[in-house]
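# Structural overview for review
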Amino acid sequence: MNVILVGFMGSGKTTIARIISKKHNMRFLDTDKLIERKEHLTIKEIFNKKGEKYFRELERQLIKNEISFCNNCVISTGGGMPCFFDNMKNLKSKGWVIFLNIPFGEIVKRVKKSDKRPLFKNIEKARELYEERANCYKQAHFTINVENHKEKIVEEIEQLVF
Ligand code: S3P
């Protein structure tokens, strides 16, 4: 069984995935990190040098070539991953997909100081993207509202999938 976390940048996917993987002795995977390692470039560099289209193709390939073979993994996905191609459908066929739903205002507080995220350079554009993505994320198996402490979020996920 796999647990796959989706949601906007800054929703806490990586933090929560790490906690669950440790607690349940599952393998932790972070799709952005895997892509960076494969390309020997940071996400920012991939966007700058090769473009978003290239990055989305890497994400698609990652689902096909790596996530498809996962068992007992907790996967933190890049914020856009489920919203391109038929990625959401493919992710849902590989495990429980959980959407970490967080208000935009909270995201702004969390990520505005980081310049690692190419799609968060402009707050208004990021807000549009946030709104556009709502329909995509809603297709996850479960939605968790990220308004509690991390421990509580982990508990909620445990109740749903274990
Ligand atoms: C993206 C989110 C990022 C990363 C890339 C694009 C997006 O991941 O994959 O910058 O399209 O929302 P995080 O959600 O981990 O920040």
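This text follows the structure it describes.
Residues numbered from 1 in each chain as written. Predicted model: local features only at pLDDT ≥ 70, side-chain atom pairs only at ≥ 80, totals over all residues. Heavy atoms only, no water.

### A closer look at the overall build of the protein
Scanning the protein from N- to C-terminus turns up eight helices and five strands. In summary, the protein has a C-alpha radius of gyration of 15 Å against a globular reference of 15 Å for 162 residues, a match within 12%. In terms of principal-axis extent, the alpha carbons of the protein reach across some 40 × 35 × 25 Å. Classification of the 162 residues of the protein by burial places 46% in the buried group. Long-range contacts, defined as pairs at least 24 residues apart, comprise 74% of the intrachain contacts of the protein with a sequence gap of at least 6. A distance of 3 Å separates the average location of the 31 positive side-chain charges in the protein from that of its 21 negative side-chain charges. (Helix = DSSP H or I, 4+ residues; strand = E, 2+ residues; numbered from the N terminus. Rg over C-alpha atoms; globule rule 2.2 N^0.38 Å. Buried < 20%, exposed > 50% of the residue type's maximum accessible area, 1.4 Å probe, protein only. Contact = heavy atoms within 4.5 Å. Lys, Arg positive; Asp, Glu negative; His and termini not counted. Charge placed at Lys NZ, Arg CZ, Asp CG, Glu CD.)

### A few points about the packing of helix H1 (residues 13-23) against helix H8 (residues 150-161)
Axis separation between H1 and H8 bottoms out at 10 Å; the angle between their running directions is 60 degrees. Relative to H8, H1 is oriented oblique. Here H1 and H8 pass one another in a crossing that is right-handed. Taking contact as the criterion, the partners of Thr15, Ile16, Ile19, Ile20 and Lys23 in H1 are, on H8, Lys150, Ile153, Val154, Ile157 and Glu158. By residue class, the composition of the contact of H1 with H8 is six nonpolar, one polar and three charged. (Axes fitted to C-alpha atoms, helices over the stretch in contact; angles between N-to-C directions. Parallel < 35°, antiparallel > 145°, perpendicular 65-115°, else oblique. Left-handed = near helix turned anticlockwise from the far one by under 90°. Nonpolar A, V, L, I, M, F, W, Y, C, P; charged D, E, K, R; others polar.)

### As for the nonpolar core
Counting residues in hydrophobic clusters, the biggest one holds 50 residues, and the most contacted among them are Leu100, Phe120 and Ile157. Those residues within four positions of Leu100 in sequence are excluded, and the remaining contacts are Leu5, Val6, Gly7, Ser11, Gly12, Lys13, Ile16, Ile144, Val146, Ile153 and Ile157. (Core = buried A, V, L, I, M, F, W, Y, C linked by side-chain atoms within 4.5 Å.)

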